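Notes for the structure review
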Amino acid sequence: MSCVRLVCALGGALLVGCGAGSPAPVPAADGGGSAARPPDFELPRLGGGNVRLSDHFGKDVVLIDFWATFCKPCLRAMPDLDALYRARKERGFVVLGVSIDGPGSSADVQAEVSRLGVTFPILLDQDSRAVALYNPRASAPFSVLIGRDGRVLAKREGYTTGAHESIERDIDGALR
């Protein structure tokens with residue numbers, strides 16, 4: 001078990017993320033002002049089929065949530081993200097929960113998703129292709145908010161209970 005995984009598994013009271021970082025916004029690589037689209041990816045969906053990020057461009061606001069079963073802050077964030085998803089999905093909001101657990105982890109991922117009652121799509125990034133595009137350090141949780149136009153609006157590393165309100169404001173702004 002890696003050091004990061006061990007620390008995350010212990011889930012200390014001060015822990016805000018599984019990896020380096022804080023629960024603060026992270027500047028977009030392009031400063032948020034470029035019209036360039038974020039890197040595309042296609043990943044298998046838990047339960048079958050594939051999901052391609054670019055299929056949502058032009059119609060949905062997308063929150064990509066990179067998470068792992070061994071990350072306590074990730075698991076604490078999931079019910080909040082699911083509530084945001086359920087309340088806004090009819091307005092064109094999608095959460096793509098990207099599990100960064102390694103190969104052969106599908107059963108563990110399914111168990112956590114079922115336990116938490118998560119309803120948004122869960123994607124499996126078992127070979128770290130997608131996380132490498134957005135979060136090369138693979139810190140978790142790590143989220144990327146993408147507007148309907150396909151531009152990255154915000155990136156956030158870590159999660160604390162109070163982060164929910166900030167994320168909600170960003171999403172509602174993007175949905176306007």
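Rules behind the numbers
Residues numbered from 1 in each chain as written. Predicted model: local features only at pLDDT ≥ 70, side-chain atom pairs only at ≥ 80, totals over all residues. Heavy atoms only, no water. pLDDT = per-residue confidence, 0-100. Contact = heavy atoms within 4.5 Å. Salt bridge = Lys/Arg side-chain N within 4 Å of Asp/Glu carboxyl O. Helix = DSSP H or I, 4+ residues; strand = E, 2+ residues; numbered from the N terminus. Buried < 20%, exposed > 50% of the residue type's maximum accessible area, 1.4 Å probe, protein only. Core = buried A, V, L, I, M, F, W, Y, C linked by side-chain atoms within 4.5 Å.

**As for the confidence of the model for the protein**
When pLDDT is averaged along the protein, the result is 84; 79% of the residues meet or exceed 70. Residue range residues 1-16 is modelled with pLDDT below 50. Its contacts to residues more than four positions away, or to other chains, number 25 contacts. Under a pLDDT of 50 for its full length, residues 20-35 has, in the predicted model, 33 contacts with residues more than four places off or in other chains.

**Some details on the pattern of salt bridges**
Proximity of charged atoms lets side chains of opposite charge pair with each other. As enumerated under the stated definition, the model contains 10 salt bridges in all. Arg52 serves as the salt-bridge partner of Asp40, at 3.3 Å between the closest nitrogen and oxygen. Separated by 12 residues along the polypeptide, Asp40 in the loop between β1 (25-26) and β2 (42-44) and Arg52 in strand β3 (residues 50-52) bring together distant segments of the chain. On the basis of relative accessible area, Asp40 is assigned to the partly exposed category, the value being 32%. Between Arg88 and Glu168 there is a salt bridge, with its nearest N and O atoms 2.7 Å apart. Residue Arg88 is found in helix α2 (residues 72-88), and its partner Glu168 is found in helix α5 (residues 163-175); the two are separated by 80 residues along the sequence. Classification of Glu168 as partly exposed rests on a relative accessible area of 25%.

**Focus: the nonpolar core**
Within the largest apolar cluster, 51 residues are counted, with the highest numbers of intra-cluster contacts made by Leu53, Ile64, Phe66, Phe93, Ile122 and Ile146. Per element, the largest residue contribution to this core is 7 residues, and it comes from α2. Discounting chain neighbours no more than four positions away, the residues touching Ile146 are Pro38, Leu53, Phe57, Asp60, Val61, Val62, Ile64, Tyr134, Arg151, Val152 and Leu153.

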